[in-house]
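# Summary of structural features
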Amino acid sequence: MASTVVSQSIFSPLSSSPSSISKKKSVENALPLSVSIKQSISISRPNVLSTHFKKDHKSFVANSTLSDDDSSSAETPIELRYPAFPTVMDSNQIRELLPHRFPFLLVDRLIEYTPGVSAVAIKNVTINDNFFPGHFPERPIMPGVLMVEAMAQVGGLVLLQLEPGQAGAIFFFAGIDKLRFRKPVTAGDTLVMRMTLIKLQKRFGIAKMEGKAYVGGEVVCEGEFLLASGSE
């Protein structure tokens, strides 16, 4: 009886009972899963690192392409990037029409003109303008009244061209409405002024115009002007 028990205890591990087989299968199946998990962890880390490296590499390439574009645009000197204003009427031709002279001629060039409709002119504001020593010594700002005067002179070019060739033609600044100063004009700016004819009373020689002045594409001054034509 004892030998039977001993023999069973010795040979029982070699027996293949269904429960033991299922346990072994579960263990065998579990082992590869644990190995695969370890492998996935060990593999996933390099993948993450490589992914970050690729992303970093891509971002570096993108930045480098932007810098290449900037460098390509920088190859063109800044003095060659911006075209000059056209010249429809230069300062000598303007002096033939306007009676103003230095230091009160405030129109340097006519860059666009539509007869009987509008005119666009420029005034180059420089530190050498005679009003800057007093307005103001520490911060040179073009006086607003001179901006209005410059715009009125551009309006005068429109008005005087309504009847070209008239001897002794002259105009007078008769009034202004809805005037607004938006931004200061300083030394070094280019004042671009557009005057558009709104209404003309030819019998009385009175013209109403809309005026806007720009610096760098932004409105710095605007208003409605009233001009009157006359003769010397």
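Preceding this paragraph is the structure being described.
This write-up is about the structure you can find in this document.

Procedures and definitions
- Residues numbered from 1 in each chain as written.
- Predicted model: local features only at pLDDT ≥ 70, side-chain atom pairs only at ≥ 80, totals over all residues.
- Heavy atoms only, no water.
- Salt bridge = Lys/Arg side-chain N within 4 Å of Asp/Glu carboxyl O.
- Helix = DSSP H or I, 4+ residues; strand = E, 2+ residues; numbered from the N terminus.
- Buried < 20%, exposed > 50% of the residue type's maximum accessible area, 1.4 Å probe, protein only.
- Contact = heavy atoms within 4.5 Å.
- Core = buried A, V, L, I, M, F, W, Y, C linked by side-chain atoms within 4.5 Å.
- Expected span 1.5 Å × (residues − 1).
- Pairing = 2+ DSSP bridges.
- Phe/Tyr/Trp six-rings, centres within 6.5 Å; stacked < 30°, edge-to-face > 60°.

On to the pattern of salt bridges, then. Counted according to the given criterion, the structure contains six salt bridges. One salt-bridge network, in which partners are shared between bridges, spans Lys-178, Lys-208 and Glu-224.

Below, the discussion takes up the side chain of Asp-129. Here Asp-129 shows up in the loop between strand 2 (118–124) and helix 4 (144–160). Given the relative accessible area of 13%, Asp-129 is considered buried. Those residues in contact with Asp-129 that lie beyond four places of it in its chain are Lys-123 and Asn-124.

Attention now goes to the nonpolar core. A general trend in soluble globular proteins is that nonpolar side chains are found buried together. In this structure, Met-142, Val-185, Leu-191, Met-209 and Val-220 are the most contacted members of the largest nonpolar core, which totals 38 residues. For this core, the secondary-structure elements that each account for two or more residues are strand 2, helix 4, strand 4 (190–201), strand 5 (206–215) and strand 6 (218–231). If one sorts the elements of this core by residue count, helix 4 sits on top with 11 residues. With near-sequence residues (within four places) excluded, Val-185 lies in contact with Val-125, Pro-140, Ile-141, Met-142, Met-147, Leu-191, Val-215 and Val-220.

Relative to the helices and strands, Glu-224 resides in strand 6. Residue contacts for Glu-224: discarding those within four places in its chain leaves Gly-175, Ile-176, Asp-177, Lys-178, Lys-208 and Met-209.

Here the residue pair Phe-102 and Pro-103 is connected by a cis peptide bond, since its omega of 5° sits within 30 degrees of zero. Structurally, Pro-103 is set in the loop between helix 3 (91–97) and strand 1 (109–114). Each neighbour pair has its own omega, and for His-135 with Phe-136 the value is -10°, a cis peptide bond. Residue position: Phe-136 is located in the loop between strand 2 and helix 4.

With 17 residues, helix 4 should cover 24 Å at 1.5 Å per step; its first-to-last C-alpha distance of 24 Å lies within 8% of that length. Among the 17 residues that make up helix 4, 15 are buried, leaving the element largely enclosed by the rest of the structure.

The two faces of the sheet receive side chains in turn, since in a regular strand these alternate between them. In terms of strand pairing, strand 1 meets strand 2 through five bridges, oriented antiparallel. Within strand 2, the residue paired with Tyr-113 across the bridge is Ala-119. Hairpin connection of strand 1 to strand 2: three residues between the antiparallel strands, including Gly-116 at a positive phi of 75°.

For the coordinates displayed, the defined rule picks out two aromatic pairs. On the numbers, 4.7 Å between centres and 65° between planes, the contact of Phe-131 with Phe-132 is edge-to-face. Neither Phe-131 nor Phe-132 differs from the other in exposure class; each is buried. An angle of 20° between the planes, with centres 5.8 Å apart, marks the rings of Phe-173 and Phe-225 as stacked. Residue Phe-173 is located in strand 3 (residues 169–181), and its partner Phe-225 is located in strand 6; the two are separated by 52 residues in the primary sequence. You can call Phe-225 buried: its relative accessible area is 1%.

Among the structural elements, Leu-200 can be located in strand 4. For Leu-200, a relative accessible area of 36% gives the class partly exposed. Separated by 84 residues in the primary sequence, Leu-200 and Gly-116 place their C-alpha atoms 9.7 Å from one another. Residues in contact with Leu-200, not counting those within four places in the same chain, are Leu-159, Leu-162, Ile-206 and Ala-207.

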